[in-house]
Amino acid sequence: MAKYYDIDDIITEEEIVSVIFQKPASGVGIDPSSETDFIETGSKVELPFWLAHELQLRQAVSVNVPPCFNQKTRLEIQADSASVDLRSRCPFFYEFGCKIAPIVSDRTIGFLLLSAFKSRYKEVLTKAHTAAFAAGSKFWTILTKEEINLYEAAQSAMISFKKWRKGGPRFQIASILGRKRKSTE
Amino acid sequence: MAGQSDAELSLFSAEELEFIAEDEIVDIVPNLKMGPLNFISGDFGPFIPQIVAQVPLWLAVALKKRGKCSICPPQWMSVDKLTQVLEAERNSQEMSEQLPFHYVEISRLLFDHAHDDIPDAYMVSIKMVLPCRIMPWGFFKCFALLSSVQVRSLIEDIRDVRFHKVETDLEAFNGRTIAVKIKNLSAMEVNIVRPFIGRALQAFYKHDSPELIPDPERVPDRRPQVVQNAPRRQLRR
């Protein structure tokens, strides 16, 4: 419950996963393709993660591995992890992976996350502390939220150091004071 | 300021580090006569004209601003010493231990407030280099020494080299190594990389936790546990 108010955590749990119902359910309108409000056993429905998780705890559904952890993505990450566009696949790749791994009982997801982060971390590290790097570049657009946080932490530290080294006025006059003086003149 | 809005990573800003660095002791040559000053941190003085006294940097800067003293730059802030340090830094992956912990802050403070004192200190080294004039490039070498610009750029170079070393050291992080030992890191260098390292280590810790990468034996008894929990909770209600 520590992350109850964490907006990133909420968005992560909004991620859609596909599930297969193990029990029939009636009176639920969660499957837009079905004509009645009845869901048969074995039907495949796409649900947000938070709902799928609760249903899975009650053994009503079984959760499939989401597309961002499929074989194709894995191969791409193995080939050249630094240039894979993880953001378009899932902006909260790592957080979502941590949540989904115990549910789909796929042990390889943990390894995938660690190896992907390990190799992408180096890429972020080499670029993060050079302030000359423009924010609008291509590199920026393929990072996941967690990597962007890391990148921004390094950038802001570097920028504040550079600002300090350049010097400038130490004590800034509050804008309201400046205005007051002008009006009297 | 880096991370000040983030309560989890409580950090120093560069200005705060500068404040801490102002407690370092420097030598000054006062040109006023004044009795000793008694502060909580100790007694400084008495101040007698042309007699070297040791004071904290903040006091030295305050006196300097009023034109009451000249600051003797510390020994390491000489072209000779700095060239030596730069050479040493370039030659090995180890961080050199010849610079003080607050060298970035101290050098900046001295450049800002006492930069007219810095070239004076190099008259000595200029005299030493003068024989080089016999050689064709010697003249240019002397010429460059005449300003504090060289000290400044030397310190910049040293800082860049050292920072690059820190970055290559940090590349060694992966899930298994949870710590990297870097000796003789200075205050400002630590401060710059701190938010990055903090977050990176948190992420590595999270992704390397045994829950995500489990021992093969432990997995089978974990999953049913979760399933059993659900009905039990319902009974309690």
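Predicted, not measured: the structure shown is a model, and the values here were computed from it.

About the criteria used
Here, residues in each chain are numbered from 1, in the same order as that chain's written sequence. Written order decides the labels, with chains lettered from A and ligands numbered from 1. Local features in this predicted model are restricted to residues of pLDDT 70 or higher, and side-chain atom pairs are both shown and tallied only at a pLDDT of 80 or more, whereas totals for entire chains, interfaces and linings draw on every residue. Excluding hydrogens and water, the side-chain figures rest on all heavy atoms present in the structure. For the purposes of this entry, the term helix denotes a DSSP run of H or I that reaches at least four residues, the term strand denotes a run of E that reaches at least two, and both are numbered from the N terminus. With a 1.4 Å probe rolled over the protein chains alone, any residue whose accessible area is under 20% of its type maximum counts as buried; one over 50% counts as exposed, and the rest are partly exposed. Throughout, a residue-residue contact means that at least one pair of heavy atoms, one from each residue, lies within 4.5 Å. Each accessible area value is a Shrake-Rupley result obtained with a 1.4 Å probe; residue values ignore everything except the protein chains displayed when judging cover. Between the first and last residue of a helix there are one fewer steps than residues, each counted as 1.5 Å, and that sum is the expected span. pLDDT is defined as a per-residue confidence score from the predictor, taking values between 0 and 100. Fitting a line to C-alpha atoms yields each axis, with helices limited to the stretch in contact; the angle taken between N-to-C directions then spans 0 to 180 degrees. These descriptions rest on fixed angle ranges, namely under 35 degrees for roughly parallel, over 145 for roughly antiparallel, 65 to 115 for roughly perpendicular, and the rest for oblique. By convention the crossing between two helices is left-handed if the near helix lies anticlockwise of the far one by an angle smaller than a right angle, and right-handed if it lies clockwise. Gly is placed with the polar residues, together with every amino acid not listed as nonpolar (Ala, Val, Leu, Ile, Met, Phe, Trp, Tyr, Cys and Pro) or charged (Asp, Glu, Lys and Arg). UniProt positions are given in the numbering used here, feature names are shortened, and annotations may be inferred rather than shown by experiment.

### Topic: the overall build of chain A
Right, on to step 1. A tally of regular secondary structure across chain A gives nine helices and five strands.
Right, on to step 2. Here chain A holds 185 residues, and the buried ones make up 40% of them.
Right, on to step 3. For chain A, long-range pairs separated by at least 24 residues make up 64% of all intrachain contacts whose partners lie at least 6 apart in sequence.
Right, on to step 4. Total accessible area on chain A is roughly 10800 Å²; 56% of this is exposed by carbon and sulfur atoms.

### Brief notes about helix 8 (residues 145-166) of chain A
Right, on to step 1. Taking 1.5 Å as the rise per residue, helix 8 of chain A with 22 residues should run 32 Å; its terminal C-alpha atoms sit 31 Å apart, in good agreement.
Right, on to step 2. Phi for Gly167 of chain A, located one or two positions after helix 8 of chain A, is positive at around 85 degrees.

### Concerning the confidence of the model for chain A
Right, on to step 1. Mean pLDDT over chain A: 79, with 81% of residues reaching 70 or higher.
Right, on to step 2. When mean pLDDT is taken per element in chain A, helix 2 (residues 49-57) of chain A scores highest with 88 and helix 9 (residues 175-184) of chain A scores lowest with 58.

### Looking at the packing of helix 3 (residues 79-91) of chain B against helix 8 (residues 149-170) of chain B
Residues and elements named next belong to chain B.
Right, on to step 1. Between helix 3 and helix 8, the shortest axis-to-axis distance is 10 Å and the interhelical angle comes to 20 degrees. For the element pair helix 3 / helix 8, the angle class is roughly parallel. Read as a crossing pair, helix 3 and helix 8 show a hand that is left-handed. Touching Val79, Leu82, Thr83, Val85, Leu86, Glu89 and Arg90 of helix 3 are Gln150, Val151, Leu154, Ile155, Asp157, Ile158, Val161, Arg162 and Lys165, all from helix 8.
Right, on to step 2. Partitioned by chemical class, the residues of the contact of helix 3 with helix 8 number nine nonpolar, two polar and five charged.

### Some details on the UniProt feature "domain: DNA replication complex GINS protein PSF2 N-terminal" (unreviewed entry) in chain B
Right, on to step 1. The UniProt feature table records "domain: DNA replication complex GINS protein PSF2 N-terminal" (unreviewed entry) at residues 14-72 of chain B.
Right, on to step 2. Split by type, residues 14-72 of chain B is 29% helix and 34% strand. Its first and last C-alpha atoms lie 24 Å apart.

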